[in-house]
Protein chains: 2
Amino acid sequence: MDTVTLAGYLAGTLTTISFVPQVIRTWKLKETKDFSLAMLLLFAAGMSLWTAYGIWINSFPIIAANTITFVLILSLLWMKIKYR
Amino acid sequence: MDTVTLAGYLAGTLTTISFVPQVIRTWKLKETKDFSLAMLLLFAAGMSLWTAYGIWINSFPIIAANTITFVLILSLLWMKIKYR
């Protein structure tokens, strides 16, 4: 794999795993006041479209990264609605 | 432009603009307790790599979307450090 492709994979991995500490923190604090509901909704909509795009162009890295991020964002959205 | 490419652009636009209502909300509330610092740092690192990736592969949409997201995340990170 060349350096550029590796950088792309590393970028995708970083943005995907970044939501893990956030989900853990929100799960522990049970507080979501600081989050914008519009942000979570727009981001979740974007993620579902990214996943659809990945399926269309048959790109496994795009499908994998965006499906994981989508699930993490959905859990934040669920906690935002539950702990408001 | 075909439907697939259009979906990709729409997905990128949604995930990029999603941070605008978040920056506005955080700016108004001046509260960032609910945010994970690790999430903001990992996401900012990922965004800077995505931008570098866009420059390498010479893709204007990737450069544009990720530069805007990077600036929005940096402003959240700045507020996270300022209003803790």
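Predicted model only: the values in this text are computed from it and were never measured. (Residues numbered from 1 in each chain as written. Chains lettered and ligands numbered in written order. Predicted model: local features only at pLDDT ≥ 70, side-chain atom pairs only at ≥ 80, totals over all residues. Heavy atoms only, no water.)

### A word on empty space enclosed by the protein
No. 1: Across all of its chains, the model carries one cavity of 30 Å³ or more by this definition.
No. 2: The space that makes up the largest cavity amounts to roughly 40 Å³.
No. 3: In terms of lining residues, the largest cavity is bounded by A:F19, A:M39, B:F19, B:Q22, B:F35, B:M39, B:L40, B:F43 and B:L76.
No. 4: If you tally residues by element for the lining of the largest cavity, the top one is helix α3 (residues 37-56) of chain B, at three residues.
No. 5: When grouped by side-chain class, the residues that make up the lining of the largest cavity number eight nonpolar, one polar and no charged. (1 Å grid on protein atoms, 1.4 Å probe; cavity = no way out; pocket = protein on both sides within 12 Å on 5 of 7 lines; lining within 4 Å. Points joined across faces, edges and corners; volume = space filled by probe spheres on them. Helix = DSSP H or I, 4+ residues; strand = E, 2+ residues; numbered from the N terminus. Nonpolar A, V, L, I, M, F, W, Y, C, P; charged D, E, K, R; others polar.)

### Thoughts on the interface of chain B and chain A
No. 1: The partner chain A presents 36 residues to the 36 residues of chain B that form the contact.
No. 2: Contact between chain B and chain A buries roughly 3,200 Å² in total, counting both sides, with carbon and sulfur atoms accounting for 74%.
No. 3: The tally of links from chain B across to chain A stands at two salt bridges.
No. 4: With its nearest N and O atoms 2.9 Å apart, the salt bridge here joins B:E31 to A:K33. (Contact = heavy atoms within 4.5 Å. Buried area = accessible area lost by both parts, 1.4 Å probe. Salt bridge = Lys/Arg side-chain N within 4 Å of Asp/Glu carboxyl O.)

### Things to note about the relation of the copies chain B and chain A
No. 1: Note on the identical chains: chain B maps onto chain A by a rotation of 180° and an axial translation of 0.0 Å, with an RMSD of 0.0 Å. In short, the pair behaves as if placed about a two-fold rotation axis. Distance from the rotation axis, computed per C-alpha, reaches its smallest value in chain B at B:D34: 2.9 Å.
No. 2: By residue overlap, the copies meet face to face through one surface: 100% of the interface positions of chain B are interface positions in chain A. (Least-squares fit on C-alpha atoms with pLDDT ≥ 70 in both.)

### Quick look at the packing of helix α3 (residues 37-56) of chain A against helix α4 (residues 60-82) of chain A
Residues and elements named next belong to chain A.
No. 1: Between α3 and α4, the least distance of the axes is 9 Å, while the angle of their chain directions is 155°. When the axis of α3 is compared with that of α4, the two are roughly antiparallel. The crossing of α3 and α4 is left-handed. Across the interface between the two elements, L37, L40, L41, F43, A44, M47, S48, W50, T51, Y53, G54 and I55 of α3 pack against I62, I63, N66, T67, T69, F70, I73, L76, L77 and K80 of α4.
No. 2: A class-by-class count of the residues in the contact of α3 with α4 yields 15 nonpolar, six polar and one charged. (Axes fitted to C-alpha atoms, helices over the stretch in contact; angles between N-to-C directions. Parallel < 35°, antiparallel > 145°, perpendicular 65-115°, else oblique. Left-handed = near helix turned anticlockwise from the far one by under 90°.)

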